[in-house]
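# Structural overview for review
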Amino acid sequence: MPNQPKFKRYVWQLPVRWCHWTNALSIVVLCVTGFFIGTPISFGGSPSDFTMGWIRFFHFTAAYAFTVSLASRVLWSLIGNEFSGWRAFFPFFSAKGRDKMLKMLRYYLFLDREVPETIGHNPLATTAYLALFFLYMVMIATGFALYAQHAPHGVMHAALGFMYTLFSNQGMRLTHHLSMWFIVGFAINHIYSAWLMDIKEHGGEISSMFSGYKFTVKKED
Amino acid sequence: MGKKRADAARGRQAEDLEERHYSVGELLKERGVSRRSFLKFCSTVTAALALPASLAPSVARALDQVQRPPLVWLEFQGCTGDSEALLRSANPTVGEIVLDILSVDYHETIMAAAGHQAEAALDKTIADNKGKYFCVIEGSIPMKDGGVYGCVGGKSHLERARQVCGSAAATIAIGTCASYGGIAAASPNPTGAVGVKEAVPGATVINLPGCPCNADNLTATIVHYLVFGKIPALDGHGRPLFAYGKRIHDNCERRPHFDAGQYVEHWGDDGHRGGFCLYKMGCKGPATFHNCPTQRYNGKTSWPVAAGHPCAGCSEPSFWDTMSPMYRRLPNVPGFGIEHSADMIGLGLAAGTAGAFAVHGALNALRKDKEPANRDENKEG
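When helices and strands are tallied, chain A shows eight helices and two strands. Reading chain A from its N terminus to its C terminus gives the helix and strand order β-α-α-α-α-α-α-α-α-β. Each principal axis of the C-alpha distribution contributes one length, and for chain A these read about 65 × 40 × 35 Å. Scored against the burial criterion, the 221 residues of chain A give a buried share of 27%.

Here you go:
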């Protein structure tokens, strides 16, 4: 059916797109600056330079932006449209979701030739996002716990007190570091999948993240 | 009547001579420590306690009047490094004063008594000064197999610790071994070694970790108790905040080089000779809470980072296991060989993912797909 008409459909609301791109930008900044914090290069020419100081400043600023963005997205999952709602992230709890997930998996594994079109998130992707969300939580908790050590009598240090009993100081660093690589791995997967489905679905997968509109063969559900 | 009163007075005097407890001030005068040295010591200790300088006279006044508390020092599964640090502190007056303030009734390394005599002295101190004496413990307590791996005088360390710590005013766990088990508790911990607080959970324990502990912090802790009548405020790991309240990294003299981006890259390079930051050489200053940068060791002479060696993190719980490798930033990843850093694993992960998707993409380019259709069985939403 190559010539069937497609319908324009508003899927991603503005807050969803904002959060997505804030996350993307802050993750890039966090990874680059974070990598330099872990493995610095002797950029400084004189002791009055502030190279590492600025790198850390950008890291912490991006960390706050990321945390606020993530919190906003969680809030929006309670008030936004059906595609952004929190239910979309637990597809494996419904028979329909499990069925769609299986179809998607079969397509990815070359077992099926039929492209399973999804209007909002595809259920396999939301499962990955759920795992990613926990990874984000680990990053935020370990990151702010490490950050709070500069003021061990502060509110943040007290609020994250449980982290210091769960992790040793160095264990916290290692966890923060390894989680970064998992997020890098996710980003590669994510960009590839978006690119693939953009080609296969002909639904404007990638441009939908800018415009909010997708093109589907069905007018309504 | 008059004779009777005089007799009574004489009797009291004789009693006084026998039972006389010297105050610290009197004692120091008797030992020939000048008033000036004493006041200097009071200022030093006030600074070590992170109290304002204006409190130094109060410290001096309190120490003038206070009676020296009896102290027993127990050597358990340790290397005596903390005793060494105390006895060989570079400034002899401070060291002397520490010993003079305290009535050290039992200390295995330095006491003259031996054998049953010594054990009897310990038992007497404990019995006579219930709830009033200090107990300093050096070394960890082996718990495995009923604590058979450490015995003195036929009593296991665990047994002794329970007996002595239980009725002490406060127990000071000196050094990392006594605080958290130290090297004896490092993996695989064959003797089941633990710190004092873990072995005797009911005791009032002040942890003074460090390998060795800085003797100034011990003196300051005891002075705090003598002056204020209570133990200093402690952090989550049972360490006094005045000494362990700030991170080494945040008070380090090499910190400007860290912020500037000037690092030692190799031992003995220009940066190393120039006093640059030791971050890349595996310095654990960013993970360690201690007052080394300000208090320093051996009468404020030096400390590891000042001498050009990265901090090993010796005052943190289980540092032998968690802070290693000593000369690397991050710990090894469990399950991977020691030559695999977290970054190599991460890079491999990223490259593997990219490679897998490249192959997946190529296969996708080759296959002929069925386009999405508006059929009932394919309804999505």
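So, next bit.
A tally of helices and strands in chain B yields 19 helices and nine strands. For chain B, with 381 residues in total, the buried portion stands at 41%.

What follows is about the pairing of strand β1 (residues 70–75) of chain B. Residues and elements named next belong to chain B. With six of six residues buried, β1 lies mostly within the body of the structure. Judged by which residues are buried, β1 turns out to be covered on both faces: Pro70, Val72 and Leu74 on one side and Leu71, Trp73 and Glu75 on the other are all buried. Note that β1 and strand β2 (residues 103–107) share four bridges and pair parallel. Bridge pairing links Pro70 to Ser103 in β2. Bridge count for β1 against strand β3 (residues 134–138) is five bridges, and the pairing is parallel.

With that out of the way, let us pick up the interface of chain A and chain B. Facing the 51 residues of chain A at the interface are 45 residues of chain B. Put simply, the parts of the chain that give the side of chain A that touches chain B at least two residues each are α2 (51–79), α6 (161–166) and α7 (169–201) of chain A. In terms of residue count, the dominant contributor to the side of chain A that touches chain B is α7 of chain A (16 residues). Of the residues contributing to the side of chain A that touches chain B, the split by class is 21 nonpolar, 20 polar and 10 charged.

Residues and elements named next belong to chain B. Pairing is parallel in the open sheet, where five strands are placed in the order β2-β1-β3-β7-β9. Only two strands of the sheet have a single neighbouring strand rather than two, namely β2 and β9 (205–208). Strand after strand, the sheet turns through a mean of 20° between neighbouring axes, direction not considered.

Let's shift gears to the pairing of strand β2 (residues 213–216) of chain A. Residues and elements named next belong to chain A. In β2, alternate side chains face the same way, and those of Lys214 and Thr216 are buried while those of Tyr213 and Phe215 on the opposite face are not. Pairing analysis gives four bridges linking strand β1 (residues 7–10) to β2, with the strands arranged antiparallel. Bridging from a neighbouring strand, Tyr10 pairs with Tyr213 of β2.

A separate point is the nonpolar core. Burial of nonpolar side chains together is a common tendency in soluble globular proteins. Residues and elements named next belong to chain B. In this structure, Cys135, Ile137 and Val196 are the most contacted members of the largest nonpolar core, which totals 60 residues. Sorting elements by how many residues they give to this core places helix α12 (residues 215–228) first, with six residues. In this structure Val196 touches Ile137, Ile141, Ala161, Cys165, Thr171, Ala173, Ala178, Ala203 and Val205, once residues within four positions along its chain are discounted. Ranked by size, the runner-up nonpolar core spans 24 residues in total, among them Phe258, Phe276, Leu278 and Trp320.

What follows deals with the domain arrangement of chain B. Residue and element names in this part refer to chain B. For chain B, the domain assignment lists domain 1 (23–244) and domain 2 (248–322). In this structure, domain 1 and domain 2 have C-alpha centres spaced 27 Å apart. Listed by partner, the interface residues are 20 residues for domain 1 and 15 residues for domain 2. Only α9 (175–180), α10 (182–185), α12 and α13 (241–244) provide two or more residues apiece to the side of domain 1 that touches domain 2. Considering only residue class, the side of domain 1 that touches domain 2 consists of 11 nonpolar, eight polar and one charged.

The next thing to look at is unusual backbone geometry. Here the residue pair Ser187 of chain B and Pro188 of chain B is connected by a cis peptide bond, since its omega of 10° sits within 30 degrees of zero. Inspection of the secondary structure puts Pro188 of chain B in the loop between α10 and β8 (193–194). Omega for the bond connecting Cys211 of chain B with Pro212 of chain B falls within 30 degrees of zero, at 0°, which places this linkage in the cis form. Within the secondary structure, Pro212 of chain B sits in the loop between β9 and α12. Positive phi, close to 65°, is recorded for Phe110 of chain A, a residue that is not glycine. For Arg296 of chain B, which is not glycine, the phi dihedral falls at a positive 55°. For Arg296 of chain B, the location among the structural elements is in the loop between α17 (292–295) and α18 (319–322). Judged by local crowding, Arg296 of chain B falls into the partly exposed class, with 15 C-beta atoms found within 10 Å.

Residues and elements named next belong to chain A. One way to put it is that helix α3 (residues 95–108) packs onto helix α4 (residues 123–147) with a least axis distance of 7 Å and a crossing angle of 100°. When the axis of α3 is compared with that of α4, the two are roughly perpendicular. Within the contact between the two elements, α3 uses Gly97, Lys100, Met101, Met104 and Leu105 and α4 uses Pro123, Leu124 and Thr127. Along the lines of polarity and charge, the residues of the contact of α3 with α4 split into five nonpolar, two polar and one charged.

Thresholds, definitions, all that
- Residues numbered from 1 in each chain as written.
- Chains lettered and ligands numbered in written order.
- Predicted model: local features only at pLDDT ≥ 70, side-chain atom pairs only at ≥ 80, totals over all residues.
- Helix = DSSP H or I, 4+ residues; strand = E, 2+ residues; numbered from the N terminus.
- Buried ≥ 20, exposed ≤ 12 C-beta atoms within 10 Å, placed from the backbone.
- Pairing = 2+ DSSP bridges.
- Contact = placed C-beta atoms within 7 Å.
- Nonpolar A, V, L, I, M, F, W, Y, C, P; charged D, E, K, R; others polar.
- Axes fitted to C-alpha atoms, helices over the stretch in contact; angles between N-to-C directions.
- Core = buried A, V, L, I, M, F, W, Y, C linked by C-beta atoms within 7 Å.
- Domains from an automatic or database assignment.
- Parallel < 35°, antiparallel > 145°, perpendicular 65-115°, else oblique.

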